[in-house]
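Chain residues, written in single-letter form:
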Amino acid sequence: MQATAYTYDPENRSGQVLLDDGTPVPFDAAAFDAGGLRLLRPGQRVRIETEDTGTGAGTGAEAGAGLRITLVTLQTF
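Residues numbered from 1 in each chain as written. Predicted model: local features only at pLDDT ≥ 70, side-chain atom pairs only at ≥ 80, totals over all residues. Heavy atoms only, no water.

**A closer look at the sheet that holds strand β4 (residues 45-52)**
To keep it simple, the criterion reads: Should DSSP find at least two bridges between two strands, the strands are taken to pair. Segments assigned H or I by DSSP are reported as helices when at least four residues long, segments assigned E as strands when at least two residues long, and all are numbered from the N terminus. For helices, the axis comes from a line fit to the C-alpha atoms of the stretch in contact; other axes are also lines fit to C-alpha atoms, and the angle between any two N-to-C directions lies between 0 and 180 degrees.
The sheet built from five strands is open, its strands ordered β3-β2-β1-β4-β5 with antiparallel pairing. Pairing within the sheet leaves two strands with one partner each, and these edge strands are β3 (24-27) and β5 (67-74). If you compare each strand with its neighbour and ignore which way they point, the axes differ by 45 degrees on average. Here strand β2 (residues 14-19) runs beside β3; their pairing, made up of four bridges, is antiparallel. Residue pairing in the sheet places glycine 15 in a bridge with phenylalanine 27 of β3.

Here it is in structure tokens:
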């Protein structure tokens, strides 16, 4: 799945991405570390892998509530 980097805290190695529908989804340090990145800038296009947490469903802001990001890495073509 593709997304756009929205926020990133280099001290905590965590932040948020925006899905293509505009839904923000947070990621933790484990997901960032799994991608092998050293830095992430807002606006960068990224590839994410997710797993369903079983909470939240629907559209808009609710759609991201049921996802947990397990990997964040740069989008390559």
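**Let's talk about the pairing of β3**
Selection rule: Three labels apply to residues, based on accessible area from a 1.4 Å probe with only protein chains included: buried if under 20% of the type maximum, exposed if over 50%, partly exposed otherwise in between.
By the alternation rule, side chains of β3 split into Val25 and Phe27, which are all buried, and Pro24 and Pro26, of which none is buried. Counted between consecutive antiparallel strands, the loop separating β2 from β3 contains four residues, among which glycine 22 sits at a positive phi close to 90 degrees.

**As for the pairing of strand β1 (residues 2-9)**
When β1 meets β4, the two strands line up antiparallel, connected through three bridges. Residue pairing in the sheet places alanine 3 in a bridge with valine 46 of β4. In terms of strand pairing, β1 meets β2 through six bridges, oriented antiparallel. By the bridge assignment for β2, tyrosine 8 is matched with glycine 15. Following β1, the chain reverses through four residues before pairing antiparallel with β2; arginine 13 in that reversal takes a positive phi of roughly 55 degrees.

**Quick notes on the pattern of salt bridges**
We apply this condition: Salt-bridge detection follows one rule: a side-chain nitrogen of Lys or Arg within 4 Å of a carboxyl oxygen of Asp or Glu.
If you walk through the whole model with that rule in mind, you get four salt bridges. For glutamate 51, the salt bridge goes to arginine 68, with nearest N and O atoms at 2.9 Å. Separated by 17 residues along the polypeptide, glutamate 51 in strand β4 and arginine 68 in strand β5 bring together distant segments of the chain. Taking the relative accessible area as the measure of exposure, arginine 68 reaches 35% and is therefore partly exposed.

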